[in-house]
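Descriptive structure summary
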Amino acid sequence: MSSSDRSQAVGVRTYEVRTYGCQMNVHDSERLSGLLEDAGYVRAPEGSDGDADVVVFNTCAVRENADNKLYGNLGHLAPKKASRPGMQIAVGGCLAQKDRDTIVKRAPWVDVVFGTHNIGKLPVLLERARVQEEAQVEIAESLEEFPSTLPTRRESAYAAWVSISVGCNNTCTFCIVPALRGKEKDRRPGDILAEVEALVAEGVSEITLLGQNVNAYGSDIGDREAFSKLLRACGNIEGLERVRFTSPHPRDFTDDVIAAMAETPNVMPQLHMPLQSGSDTVLKAMRRSYRQERYLGIIEKVRAAIPHAAITTDIIVGFPGETEEDFEQTLHVVREARFAQAFTFQYSKRPGTPAATMDGQIPKKVVQERYERLVALQEEISWEENKKQVGRTLELMVAEGEGRKDDATHRLSGRAPDNRLVHFTKPDQEVRPGDVVTVEITYAAPHHLLAEGPVLDVRRTRAGDAWEKRDAAAQAKPAGVLLGLPKVGVPEPLPVATSGCAID
């Protein structure tokens, strides 16, 4: 009997949400799950593979083949839907906002299409489609309500995204996000801090402030220092051990933000600062409002104020018109900045962006060759920077599901304050996700560290208690039951490297 058959037998409908793209989509999917559970749906078991009563695609539009990927997945579900009366398929996110009626024309078995501005309507649209027996396409042109007011099903109990703004005021020529998510709209500081305090009360000990251009926060409410003030205010919340944010834009990265990072103990020594290109010529063509000197100047100031900061970045290779000299400038910045990690992308056309129709599109072979050189250089630097961690004693927040080989190696995994991933020897005493362990780093690889000796200390935390409570509840109740508002959870390891959607 399938999960759908079992659910129908007891009168409960199951759901599955499939997420593509950036951090914004990951967080939106938490809200979609919360909305569905609030409406009485139950999350389908892992590995259902389209066997749920409702399958929701939360799409991304930043890749040239994003639509092909979506329609391929929809095609895979078509025979399942045909054989199961009552099954529903919904498509939301950036591609839905962009393509609208096209989705139903190409995949007429889709029941609901909704956009980035009206995710709160999903349960209503599903019910309307069921009653009227026809597809419902509803795309709002502007934000109907700030997503933070919606129910949320967060994925774990010790860390959480907290959205501080939506939309973006930039006009980067490679990015379609502003057209799909609209102009920047900021939340009031009091609302943000109230959400953080509520999350901490539920057991969360790490939060990540999230925005399309997170450090531009304040432009919508008329306070240019609003972001640094927000960081400092987070430092006054008792029980909040770690604060991160993503992704900032170099244009808006001001000295008051650096000072707030350095002077607020629970703001972690980690910075994800998108570069995109090291060439002033390419940066101008991208409409990036900074140049190489400005970028490297920010890195220098951050390192002076926070010596142990781990700095990561995003880089696009093969932007239209990029010459070999332009690419060499990117390599120069990588050597100077010495990033702990770089998320590198081969340029791909985003339909609807100015760059997609620019002259000077680079041949795939040239882009691939440059990409491989960049990756090789960054791998070398990442390894060298990680080797500097050997011998250091670090506090790790124990993570859930980040060490794929942990069972085989009898290790656990955690995140250092600077967000480096560390695999450590499993201690004799119980250690739960959200607890904190102290270890000594013994080995470095390009993308992770090892602590092969005994754990020096284990600190049981309220976050670990929250994880244990949630895990016990999950064992005792059907999957997907809400545990009260606000929901608690964990963001993906930062930064998400699946696309450039929320990467400024």
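All figures in this text were calculated on a predicted structure; none of them were measured in a lab.

**Here we look at the overall build of the protein**
- Looking only at helices and strands, one finds 16 helices and 21 strands in the protein.
- For the protein, buried positions account for 58% of its 504 residues.
- Long-range contacts, defined as pairs at least 24 residues apart, comprise 76% of the intrachain contacts of the protein with a sequence gap of at least 6.
- Accessible surface computed for the protein: about 20800 Å², of which carbon and sulfur atoms make up 50%.

**Focus: helix H14 (residues 364-387)**
- An ideal rise of 1.5 Å per residue puts 34 Å on 24 residues; H14 measures up with 34 Å between its terminal C-alpha atoms.
- Residues of H14 that are buried: Val367, Arg370, Leu374, Leu377, Gln378, Ile381, Ser382, Glu385 and Asn386.
- As for H14, its buried residues are in contact with strand E13 (310-317), helix H13 (324-337), strand E14 (341-346), strand E19 (443-444) and strand E20 (449-451).

**Structural notes on the pairing of strand E16 (residues 411-415)**
- Most of E16 sits out of view: four of its five residues are buried.
- Sheet topology places E16 next to strand E17 (residues 421-425); five bridges connect them, and they run antiparallel. Of the residues in E17, the one forming a bridge with Arg411 is Thr425.
- In this antiparallel pair of consecutive strands, E16 and E17, the connection spans five residues, and Asn419 shows a positive phi of 80 degrees.

**Focus: the packing of aromatic side chains**
- If you walk through the whole model with that rule in mind, you get four aromatic pairs.
- Here Phe227 and Phe245 contribute two aromatic rings whose centre-to-centre distance is 5.1 Å and whose plane-to-plane angle is 85 degrees, an arrangement assigned as edge-to-face. Of the two residues, Phe227 is situated in helix H9 (residues 226-234) and Phe245 in strand E11 (residues 242-246); the sequence distance between them amounts to 18 residues.
- Phe227 gets classed as buried once you look at its relative accessible area, which sits at 1%.
- Take Phe245: its relative accessible area is 5%, and that puts it in the buried class.
- The rings of Tyr290, Tyr295 and Phe339 are connected pair by pair, giving a single aromatic cluster.
- One cation-aromatic arrangement involves Arg106 over Tyr71; the distance from NZ or CZ to the ring centre is 3.8 Å.

**Comments concerning the environment of Cys172**
- Mapped onto the elements of the fold, Cys172 is located in the loop between strand E8 (165-166) and helix H7 (177-181).
- Taking the C-alpha atoms as reference, Cys172 lies 8.9 Å from Ala355; in sequence the two are 183 residues apart.
- The contact partners of Cys172, leaving out residues within four places of it in the chain, are Met286, Arg287 and Arg288.

**Things to note about the sheet that holds E13**
- Reading across the sheet, the three strands line up as E12-E13-E14 and stay open at both edges, with parallel pairing between neighbours. Taken across any chain shown, the strands that pair with only one partner, and hence form the sheet edges, are strand E12 (270-272) and E14. Averaged over all pairs of adjacent strands, the angle between their axes in this sheet comes to 10 degrees, without regard to strand direction.
- In the sheet, E13 pairs with E14 via six bridges, with the strands oriented parallel. Across the sheet, residue Thr312 finds its bridge partner in E14, namely Gln341.
- With respect to the sheet, H14 is in contact with E13 and E14, its orientation differing from that of E14 by roughly 175 degrees.

**A look at the sheet that holds strand E6 (residues 136-138)**
- Overall, parallel pairing links the six strands, which are arranged E2-E1-E3-E4-E5-E6 in an open sheet. Single-partner strands in this sheet number two, and they are strand E2 (42-43) and E6.
- Strand direction decides the pairing type here: strand E4 (residues 88-93) and strand E5 (residues 112-114), joined by two bridges, are parallel. Across the sheet, the residue bridging to Val91 is Val113, located in E5.

**What to know about the confidence of the model for the protein**
- This prediction gives the protein a mean pLDDT of 87; 88% of its residues lie at or above 70.
- Contacts of residues 1-10 to residues separated by more than four positions or lying in other chains number 16 contacts, the stretch itself having pLDDT below 50.
- Low pLDDT (under 50) marks residues 478-503, which in the prediction has 100 contacts with non-local residues, meaning those over four places away or in another chain.

**What to know about the nonpolar core**
- Leu209, Leu231 and Phe253 are the most contacted members of the largest nonpolar core, which totals 54 residues.
- Phe253 has contacts with Asn215, Phe245, Pro248, Ile258, Met261, Leu271, Met273, Arg294, Ile298 and Val302, leaving out every residue within four places of it along the chain.
- Leu77, Met87, Leu95 and Ile176 belong to the second-largest nonpolar core, a separate cluster that totals 23 residues.

**Some words on the pattern of salt bridges**
- This model, assessed by the stated rule, comprises 31 salt bridges.
- A salt bridge links Lys229 to Asp223, with the shortest nitrogen-to-oxygen separation between them at 3.0 Å.
- Among the residues examined, Lys229 registers a relative accessible area of 45% and is labelled partly exposed.
- Arg251 is the partner of Asp252 in a salt bridge, and the nearest nitrogen-oxygen pair spans 3.1 Å.
- Taking relative accessible area as the criterion, Asp252 reaches 17% and is therefore assigned buried.
- With a relative accessible area of 36%, Arg251 lands in the partly exposed category.

**Looking at the packing of helix H12 (residues 292-305) against H13**
- Packing of H12 against H13 brings their axes to within 11 Å, and their N-to-C directions diverge by 10 degrees. Viewed along their axes, H12 and H13 adopt a mutual orientation that is roughly parallel. Judged by residue contacts, Gln292, Tyr295, Leu296, Ile299 and Arg303 of H12 engage Gln329, His332, Val333, Glu336 and Ala337 from H13.
- Considering only residue class, the contact of H12 with H13 consists of five nonpolar, three polar and two charged.

Thresholds, definitions, all that
- Residues numbered from 1 in each chain as written.
- Predicted model: local features only at pLDDT ≥ 70, side-chain atom pairs only at ≥ 80, totals over all residues.
- Heavy atoms only, no water.
- Helix = DSSP H or I, 4+ residues; strand = E, 2+ residues; numbered from the N terminus.
- Buried < 20%, exposed > 50% of the residue type's maximum accessible area, 1.4 Å probe, protein only.
- Contact = heavy atoms within 4.5 Å.
- Areas by Shrake-Rupley, 256 points an atom, 1.4 Å probe, with all protein chains shown as cover.
- Expected span 1.5 Å × (residues − 1).
- Pairing = 2+ DSSP bridges.
- Phe/Tyr/Trp six-rings, centres within 6.5 Å; stacked < 30°, edge-to-face > 60°.
- Lys NZ or Arg CZ within 6 Å of the ring centre and 35° of its normal.
- Axes fitted to C-alpha atoms, helices over the stretch in contact; angles between N-to-C directions.
- pLDDT = per-residue confidence, 0-100.
- Core = buried A, V, L, I, M, F, W, Y, C linked by side-chain atoms within 4.5 Å.
- Salt bridge = Lys/Arg side-chain N within 4 Å of Asp/Glu carboxyl O.
- Parallel < 35°, antiparallel > 145°, perpendicular 65-115°, else oblique.
- Nonpolar A, V, L, I, M, F, W, Y, C, P; charged D, E, K, R; others polar.

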